[in-house]
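Survey of secondary and tertiary structure
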Amino acid sequence: MPTSAALGRFCRGCLSRAPSLPSGSLSALPRQMSRWSRLETCSTPPTQEKPRILITGGLGQLGVGLAQKLRKQYGTDDVILSDIKKPSPHVFTSGPFVYADVLDYKHLRELIVNYRVTWLIHYSALLSAVSEANMAQAREINIRGFHNVLDLALENCLRLFVPSTIGAFGPSSPRDPTPDLCVQRPRTIYGVSKVHGELMGEYLHHKCGLDFRCLRYPGVISVSAPPGGGTTDYAVQIFHDALTTGHHECYLRPDTRLPMMHISDCHHATIEFMQAPESQLSLRTYNIAAMSFTPEEVAREIRKHVPHLKVTYKPDLARQKIADSWPMRFDDTNARRDWGWASAFKLEELVSDILRSIRDKRTTDGLPAS
């Protein structure tokens, strides 16, 4: 008979469906014998008073801010931030932080077990432009790393959130607006990896009962972290340039329209979606939308606050090609209907808030801001 430690590998309610096992610990079994290939379903443990949450890739654009909001709701010690980089002193002292490489399956498994994790928010990924320049690394992190968290979510019956993107669509997709369900033929390794994640998560939800949840994010605008190599990064950099040099050179054409979102709306959507009862969800992957603008439109709005801003255009062929294959607007009707999604920021509010936040940050850092 398996030992009690070995039985811990299976979620409650699954043991009755398990085939006969050899004596000794299950840890001796090869990775290929993962629980989702051996069992039919993943039965969710009884509802807990509050979740225990692990965030991978937590030092990117989204992780720190999301952790702050989740800690306010569920308690500081119940939200664990992780990354492979060294956190700032402020992040390190604000709550639990651990080193976690999503390519290290064994260590990630130890974290999930030791911290009794019930929700896993998987932010580790290389973004679009960086992925195109480092395809092999993108494949490792965005696909193999995803499969590691997917296996662990199945083994431990976790609620798994993996973000997708506007990049999951391609030139053959309807672009204005782009619905939740349509042709998806992305032409970047970033987009291909995201479509792969969407489909694997949905498959394992239907096959094994995995509580997989995915939102397709628009371009996310914030001041908490520097641009990380995405095609929509101009919409972050232009604000910093407006308040420093007064000049921004844009790598996209002035008429390139893309969906965008304030980071507060992004966090708001993620938390509400994770909290939504499964009975309300008709899909496992949803579009979410807030606004859609071009570089010229956002520059015009910024000039209402910073009149001297000068913008020149020098399209980068690689990024322009990516942007031209992406949606111009998202149709998020299903998210609004199923779980009550509604954005708070439109373009005017976004520009005003981002400029104020950058000014405040530069003042705090002792730097000038126009």
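As a starting point, this report considers the structure included with it. (Residues numbered from 1 in each chain as written. Predicted model: local features only at pLDDT ≥ 70, side-chain atom pairs only at ≥ 80, totals over all residues. Heavy atoms only, no water.)

This next bit is on the overall build of the chain. A tally of regular secondary structure across the chain gives 14 helices and 13 strands. Across the 370 residues in the chain, those meeting the buried criterion constitute 54%. Sequence separation of at least 24 residues holds for 77% of the intrachain contacts in the chain that already meet a minimum separation of 6. Entry remark: accessible area of the chain is about 16,600 Å², with carbon and sulfur atoms responsible for 54%. (Helix = DSSP H or I, 4+ residues; strand = E, 2+ residues; numbered from the N terminus. Buried < 20%, exposed > 50% of the residue type's maximum accessible area, 1.4 Å probe, protein only. Contact = heavy atoms within 4.5 Å. Areas by Shrake-Rupley, 256 points an atom, 1.4 Å probe, with all protein chains shown as cover.)

Turning our eyes to something else, we now look at the environment of Cys214. Mapping Cys214 onto the fold places it in strand β7 (residues 211-217). Once residues lying within four places of it in the same chain are set aside, the contact partners of Cys214 are Phe161, Val162, Pro163, Ser164, Glu198, Phe273, Arg284, Thr285 and Tyr286.

What follows deals with the packing of helix α11 (residues 295-303) against helix α14 (residues 347-364). When two helices pack together, their arrangement is given by the angle between the helix axes and by the axis-to-axis distance. With their axes 10 Å apart at the nearest point, α11 and α14 run at an angle of 60 degrees to one another. The orientation of α11 relative to α14 falls into the category oblique. With respect to the hand of their crossing, α11 and α14 are arranged in right-handed fashion. The residues of α14 that touch α11, namely those facing Glu297, Val298, Glu301 and Ile302, are Leu347, Glu348, Val351 and Leu355. (Axes fitted to C-alpha atoms, helices over the stretch in contact; angles between N-to-C directions. Parallel < 35°, antiparallel > 145°, perpendicular 65-115°, else oblique. Left-handed = near helix turned anticlockwise from the far one by under 90°.)

Before going further, it helps to examine unusual backbone geometry. Here the bond from Asp176 into Pro177 is cis, since omega is 0 degrees, no more than 30 degrees from zero. Summarising the element assignment, Pro177 is placed in the loop between β6 (164-165) and α8 (189-208). Its identity is not glycine, yet Arg116 carries a phi of approximately 55 degrees, on the positive side. Positionally, Arg116 belongs in the loop between α5 (105-114) and β4 (119-122). Among the residues examined, Arg116 registers a relative accessible area of 58% and is labelled exposed. Unusually for a residue other than glycine, Cys157 sits at a positive phi of about 50 degrees.

Summed over the entire model, instances satisfying the criterion amount to ten aromatic pairs. Centroid distance Tyr234 to Tyr251: 6.3 Å. Interplanar angle 90 degrees. Geometry classified as edge-to-face. Here Tyr234, found in helix α9 (residues 234-243), pairs with Tyr251, found in the loop between β9 (247-250) and β10 (258-262); they are 17 residues apart in sequence, far enough to count as distant. Note on Tyr251: relative accessible area 15%, which makes it buried. Among the aromatic residues, those joined into a ring-pair cluster are Tyr123, Phe161, Tyr217, Phe273, Tyr286, Trp339 and Trp341. The aromatic ring of Phe273 is capped on one face by Arg213, whose charged end is 6.0 Å from the ring centroid. Above the face of the Tyr251 ring, Arg319 is positioned so that its terminal group lies 4.3 Å from the ring centre. (Phe/Tyr/Trp six-rings, centres within 6.5 Å; stacked < 30°, edge-to-face > 60°. Lys NZ or Arg CZ within 6 Å of the ring centre and 35° of its normal.)

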